[in-house]
Amino acid sequence: MNRSTRLDRVFYWLGLIVIAWAVLTFLLVPMLAALQAALFRHGSLAMFDAVSELARSRRVRAALWNTVWMTAATTLTVTIVGMFQVAVLEYFRVPERGFLKIAFSTPLVFGGVVAAAGNNFTYGPSGAITAALAALFPSLPRDWFIGWFGVLFAHTFLMTSFHFLFLRAAMRRVDYSTIEAARSMGASEMTILRRVVLPVILPTVLAVTLLTLITAMGSFAAPQVLGGRDFHMLSQMVLTLNSLRRPDMAALLALLMGLVLMGLILLSQYFEAKGAYTAGAKATTRIQLRAIRNPLARIVVTALAYLLAAIYLMPVALIVLFSFAPASSIGIDVLPSSFTLANYARVLGGGAAFVPFFNSMLMSSIAVAVGLAITLFAVPIMVRKHSWLTRGLDICFVLPWIIPTMLLAVGLIVAFDAPNPLVGNLVLLGSYWLLPIGYVIFSLPLMVRFMRSAFIGIDPAFDDAARAMGASGPYRFRRVVLPLVAPTAILVAGMKFNNLLAEYPLSAFLYNINNKPLPIAIVDGAVSADPDQAAVSLVYVTLIMAFSLAVILIAERLSLGRTPESSNL
Amino acid sequence: MADSVLSLNKLDVGFPGMTVVRDLNLDVADGAFVSLLGPSGSGKSSVLRTIAGLLPALGGRVLLEGQDITALPPERCNVGIVFQNYALFPTMSAFENIAFALRVAKKSKAEVERRVGEVAEMAGISDQLDKKPANMSGGQQQRVAIARALVTGSRVLLFDEPLSNLDAKVRAAMRKEIKRLQSELGFTAIFVTHDQEDALTMSDLIVVLNHGKIEQIGDGRTLYRKPATPFICEFIGVSNELAPPLAARLLGYDVKGRSFLRHEDVLLGAVAGVPARVNHVEFLGAHSRVDLEVEGHALSAMLIGDQLPEPGSTVSLGIRPGAAHVFQEVTG
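This one's a predicted model, so the numbers in the text were calculated from it and none came from an experiment. (Residues numbered from 1 in each chain as written. Chains lettered and ligands numbered in written order. Predicted model: local features only at pLDDT ≥ 70, side-chain atom pairs only at ≥ 80, totals over all residues. Heavy atoms only, no water.)

**Considering the domain arrangement of chain B**
All names here are of chain B. By domain assignment, chain B separates into domain 1 (2–232) and domain 2 (237–325). Relative to domain 2, the C-alpha centre of domain 1 lies at a distance of 40 Å. In this complex, domain 1 contributes six residues to the contact, which on the side of domain 2 involves six residues. For the pair domain 1 and domain 2, the summed buried area comes to about 570 Å², and 44% of that belongs to carbon and sulfur atoms. Summed over the three residues of domain 1 that lose the most area to domain 2, namely Tyr224, Arg225 and Pro230, the buried surface amounts to 72% of that side. Connecting domain 1 to domain 2 are zero salt bridges. By residue number, the principal contributor to the side of domain 1 that touches domain 2 is helix H7 (residues 220–225), which donates three residues. Looking at the side of domain 1 that touches domain 2 residue by residue, the class counts come to four nonpolar, one polar and one charged. (Domains from an automatic or database assignment. Contact = heavy atoms within 4.5 Å. Buried area = accessible area lost by both parts, 1.4 Å probe. Salt bridge = Lys/Arg side-chain N within 4 Å of Asp/Glu carboxyl O. Helix = DSSP H or I, 4+ residues; strand = E, 2+ residues; numbered from the N terminus. Nonpolar A, V, L, I, M, F, W, Y, C, P; charged D, E, K, R; others polar.)

Below is the structure:
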């Protein structure tokens, strides 16, 4: 063994040890700490006491009830809107399909905290629509939108991205020749939809419905911004309990929610797998759009589609417009009468408004860089070597996907609210670093999943060829492997960076005065009565949307231009 | 052998705990084209990878120009490899692909350019060097792969089933191309394939492997005309295995063991032949295949020309004298 290979070995083991320490310290220990806080008190099992204590709280009971019915209502309304979208985009012939597609794709860049704030800026007390309505109906209260209605409204139109992504894809997999066959045998349109099309897309419909249900149940930013004083959901309760210094109750509530969510995730994966199975045939005929024959039905469907498009596009358009408006016109004008770059100057100019922006950029960059470093080091090892160690590592990396973010957050808090020997007896709670650490853990599942498929997709002959030409391990990795996985790495880094800029749950639990991030500032601005704060928030939201859009466009380019696996002959 | 460039000496090939090929001996003459032919799982690719140093030998020695390279790491074995599907790095241009080994060896910029230029010139791809593999035709990719294998000065090139994923026409063109480059550039080629046509058309010498053992070594004509084992008989060309009673009837003596007769050695319309019933006739273009039944035994014949017997008719069947391959069981 020569000197350089010996050095490689040292780095290899050092890397593994660091990763094992990180997984233990920042994932396993917090999870156990959360479980302990939830289930034990003074060393004995006290779960039932805590449950009954939770049940006695009127606010918790109200939040539970709100969550249950809001989840049910949201699932229903989202399914209706989502199915309608898919029908309009992929089944019926409706004029200007391209425009509708753009409109219906807005939830991809306009989700979570961004969307909650956006809806508030549109329909909330200082919203442009509210200003317009107030001009028409002076008796209308300014906060007409705030409460359960606003939350349901926001959920309905913003949780359709699963339908847009997955159900549309399922629809495209319907073999058109089966529809033609049914028609040739005299089936009516309804029969075709019910007996031929629906059975093919049904597994995906179920999976998408469950995903909606999961998202609605864990909804956090929407009730926080739009729920007002009286409508609360369980996620908010966890945060409240935590801020009341009852981490045990917070952990227990998060754990109970987590158990329900995990069950739902498993169920949705079951349906997803079934959906993939149905899509076996490759040589299918692409589905052809059907004209609606009944003229009245055609007009109604078209009108509804355009109304829906307006609902999607209006908040985005208003936000971008008002981000260029003087703060004084927010909540007064329906459309801004003059334009200025003052808001952008305030955010980007380095003053107080710049701080959350800078914090989020910095923490997200650090988290993405650390996440990528871990993934690029660990995934090739996990792909190449199969042992209990790599399998365990693999499971750990995917854990944060199944565990609810809030449980992880509470776990990190209870694990690091006192000196912890695993981190040199530091108290991390209240420091700058707990939030970025949370961001890294939160980012790992997606990164690992994407990078794993990228590494698996590499023909092992490339490695053999490079080895035969004398390239050392690190050299092969740098010159051969890294360029092959680079497009995926860039893509996944962009996606994750983007997610983190608008990440609400972890941020809400773990931020402090030193590192207040963008999503917290956006929510503050959204619920604040100060038009200057609102103006700054509009700029934040616009910047995040612009960044999301850029990532999506880059992703499309990369996936179009990237063909390492299909380059042969 | 004095002029052999590569020798395998009692080589054991495989993985710890599982020997795939045992006790392999082979001498390859300088400039020869040698094929390792065998069905999948016969161990031929493992032999290749062991020669290249990608798979440690379990025993025995590999000698390159008299020097023992058995225990050397792949980069010091000084043999070039052309991989299945060529394994050209898709993110690098043709130039960078060819230059890879030189860059690993930290050659100067001028030398890299000179040597890549030379080998590209020889392979006829000087005008393709800026292209990425995805933008090249299959033939150009193959030339880049060969240039990449030659650039470090290797005189022995190992081909790991490079043609296995191609359709018949492209495959034939690629064979010619490899053969042409080999005779022009004068390298020694070890070519692994499971396709008998690859082996028969290109090789000076064919090594047939089966279940980790050499069945026979020889040129294509020898393997076809004088198969050493029943396996060769069945693996190369198409043969009828004669049931012992039928063999006795056609050959005129008792056979203890197995006997084979190639389809083209079955003659129809023979004088004083054995009566055979025509069951089925398949027209295949250049030739036709006739399925017959002789005294309850099935037998197939290959006919050239358009004069074909009618199904259901009876013909007189004979065999080309001396054409049967008989493997008598050694008793006692």
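Next comes the rest of the description.
**Topic: the sheet that holds strand E18 (residues 325–328) of chain B**
All names here are of chain B. Across the sheet, which stays open at both edges, the three strands sit in the order E11-E12-E18 with antiparallel pairing between neighbours. In this open sheet, the two edge strands, each paired with only one partner strand, are strand E11 (239–242) and E18. Each neighbouring strand pair of the sheet contributes to a mean axis angle of 20 degrees, computed without reference to strand direction. Pairing of E11 with strand E12 (residues 257–262), which is carried by four bridges, proceeds in the antiparallel orientation. Counterpart to Glu241 in the pairing with E12 is Phe260. (Pairing = 2+ DSSP bridges. Axes fitted to C-alpha atoms, helices over the stretch in contact; angles between N-to-C directions.)

**Looking at the confidence of the model for chain A**
Residue and element names in this part refer to chain A. This prediction gives chain A a mean pLDDT of 84; 95% of its residues lie at or above 70. Below pLDDT 50 for its whole length, residues 277–283 participates in three contacts with residues either more than four positions away or in separate chains. Low pLDDT, under 50, characterises residues 560–569; the stretch is placed with 14 contacts to residues that sit more than four places away or in other chains. (pLDDT = per-residue confidence, 0-100.)

**Quick word on the environment of A:Pro400**
Residue and element names in this part refer to chain A. Among the secondary structure elements, Pro400 is positioned in helix H17 (residues 388–402). Its relative accessible area of 13% is what places Pro400 among the buried residues. Considered as a pair, Pro400 and Val51 are 349 residues apart in the sequence and their alpha carbons are 25 Å apart. Setting aside residues no more than four positions away along its own chain, Pro400 makes contact with Leu27, Ile441 and Pro445. (Buried < 20%, exposed > 50% of the residue type's maximum accessible area, 1.4 Å probe, protein only.)

**Description of the domain arrangement of chain A**
Residues and elements named next belong to chain A. Each assigned domain of chain A is listed here: domain 1 (3–43 + 348–558) and domain 2 (57–322). Distance between the C-alpha centres of domain 1 and domain 2: 28 Å. Between domain 1 and domain 2, the contact holds 35 residues from the first and 34 residues from the second. Note on domain 1 versus domain 2: buried area summed over both sides is about 2,900 Å², and carbon and sulfur give 81% of it. Sorting the residues of domain 1 by area buried against domain 2 places Met406, Leu538 and Met545 first, and these three jointly supply 20% of that buried surface. Taken together, the connections running from domain 1 to domain 2 amount to zero salt bridges. At the junction of domain 1 and domain 2, the tally comes to two residue pairs in polar contact (both at pLDDT 80 or more). The set of elements that each furnish at least two residues to the side of domain 1 that touches domain 2 consists of helix H1 (3–39), H17, helix H18 (405–416), helix H22 (505–510), helix H23 (518–527) and helix H24 (531–561). (Polar contact = N/O pair within 3.5 Å; in protein donor to acceptor, adjacent residues only side chain to side chain.)

**Some points on the pattern of salt bridges**
Residues and elements named next belong to chain B. The final tally for this structure, using the stated rule, is 29 salt bridges over all chains. The residue Asp198 makes a salt bridge to Arg171 at a minimum N-O spacing of 2.8 Å. With a gap of 27 residues between them, Asp198 in helix H6 (residues 196–202) and Arg171 in helix H5 (residues 168–185) connect regions that are remote in the sequence. The pair Asp198 / Arg171 is uniform in exposure class, with both members buried. Notably, a salt bridge pairs Glu234 with Arg258, separated by 3.6 Å at the nearest N-O pair. Of this pair, Glu234 sits in helix H8 (residues 230–235) while Arg258 sits in strand E12, and the two are 24 residues apart along the sequence. Relative accessible area serves as the criterion here: at 45%, Glu234 is assigned to the partly exposed category. Among the charged side chains, a network of salt bridges with common partners joins Arg171, Arg175, Asp195, Glu197 and Asp198.

**Brief notes about the nonpolar core**
Of all hydrophobic cores here, the largest spans 197 residues; its most connected members are A:Phe397, A:Phe509 and B:Phe100. Tallying contributions element by element places helix H19 (residues 434–456) of chain A first for this core, with 13 residues. Those residues in contact with A:Phe509, other than ones at most four positions away along the chain, are A:Phe220, A:Val238, A:Leu239, A:Asn242, A:Met406, A:Ala409, A:Val410 and A:Ile413. B:Phe95, B:Ile98, B:Val116 and B:Ala123 belong to the second largest nonpolar core, which has 36 residues in total. (Core = buried A, V, L, I, M, F, W, Y, C linked by side-chain atoms within 4.5 Å.)

**Focus on the environment of B:Gly60**
Residues and elements named next belong to chain B. Take Gly60: it is sitting in strand E4 (residues 59–64). Distance from Gly60 to Leu166, taken between C-alpha atoms, is 35 Å for residues 106 residues apart in sequence. Apart from the residues lying within four places of it in its own chain, the contact partners of Gly60 are Asn9, Lys10, Leu11 and Thr70.

**Regarding the layout of surface pockets**
Residue and element names in this part refer to chain A. In this structure, the second largest pocket occupies an estimated 1,600 Å³ of space. Forming the walls of the second largest pocket are 37 residues, and the residues nearest its centre are Arg384, Ser472, Gly473, Pro474 and Arg476. Broken down by secondary-structure element, the contributors of at least two residues to the lining of the second largest pocket are H1, helix H16 (354–384), H19, helix H20 (460–468) and helix H21 (473–501). Partitioning the lining of the second largest pocket into residue classes produces 20 nonpolar, six polar and 11 charged. (1 Å grid on protein atoms, 1.4 Å probe; cavity = no way out; pocket = protein on both sides within 12 Å on 5 of 7 lines; lining within 4 Å. Points joined across faces, edges and corners; volume = space filled by probe spheres on them.)

**Digging into the interface of chain A and chain B**
Facing the 19 residues of chain A at the interface are 24 residues of chain B. Across the interface of chain A and chain B, roughly 2,100 Å² is buried in total on both sides, 69% from carbon and sulfur atoms. Put simply, chain A and chain B have two salt bridges between them. A salt bridge links B:Arg49 to A:Asp464; the shortest N-O distance between them is 2.7 Å. Seen at the junction of chain A and chain B, the total is two residue pairs in polar contact (both at pLDDT 80 or more). When residues of the side of chain A that touches chain B are traced back to their parent elements, those giving at least two are H20 and H21 of chain A. Per-element accounting of the side of chain A that touches chain B gives the leading share, seven residues, to H20(A).

**A look at unusual backbone geometry**
Residues and elements named next belong to chain B. Phi at Ala87 takes a positive value of approximately 50 degrees, unusual for a residue other than glycine. Even without being glycine, His211 reaches a positive phi, approximately 45 degrees. Checked against the element boundaries, His211 lands in the loop between strand E9 (205–210) and strand E10 (213–218). Taking relative accessible area as the criterion, His211 reaches 68% and is therefore assigned exposed.

**Details of H19(A)**
Three or four residues apart is the spacing at which side chains of an α-helix point the same way, because the helix has 3.6 residues per turn. Residues and elements named next belong to chain A. Its 23 residues give H19 an end-to-end C-alpha distance of 33 Å, which sits within 8% of 33 Å, the value for a rise of 1.5 Å per residue. In H19, a bend of some 40 degrees at Leu444 exceeds every other bend along the element, and Pro445, a proline, comes one to four places later. Of all 23 residues in H19, 17 are buried; the element is thus mostly enclosed. (Expected span 1.5 Å × (residues − 1). Bend = angle between axes of the 7 residues up to and from the residue.)

**Section: the packing of H19(A) against H21(A)**
All names here are of chain A. Following both chains from N to C, one finds H19 and H21 inclined at 140 degrees, their axes separated by 10 Å at the closest point. Regarding the angle of H19 to H21, the classification is oblique. The two elements H19 and H21 meet at a crossing, and its hand is right-handed. On H21, the residues touching Tyr439, Phe442, Ser443, Leu446, Met447, Phe450, Met451, Ala454 and Phe455 of H19 are Phe477, Val481, Val485, Thr488, Ala489, Val492, Met495, Lys496 and Leu500. Its residues placed into classes, the contact of H19 with H21 shows 15 nonpolar, two polar and one charged. (Parallel < 35°, antiparallel > 145°, perpendicular 65-115°, else oblique. Left-handed = near helix turned anticlockwise from the far one by under 90°.)

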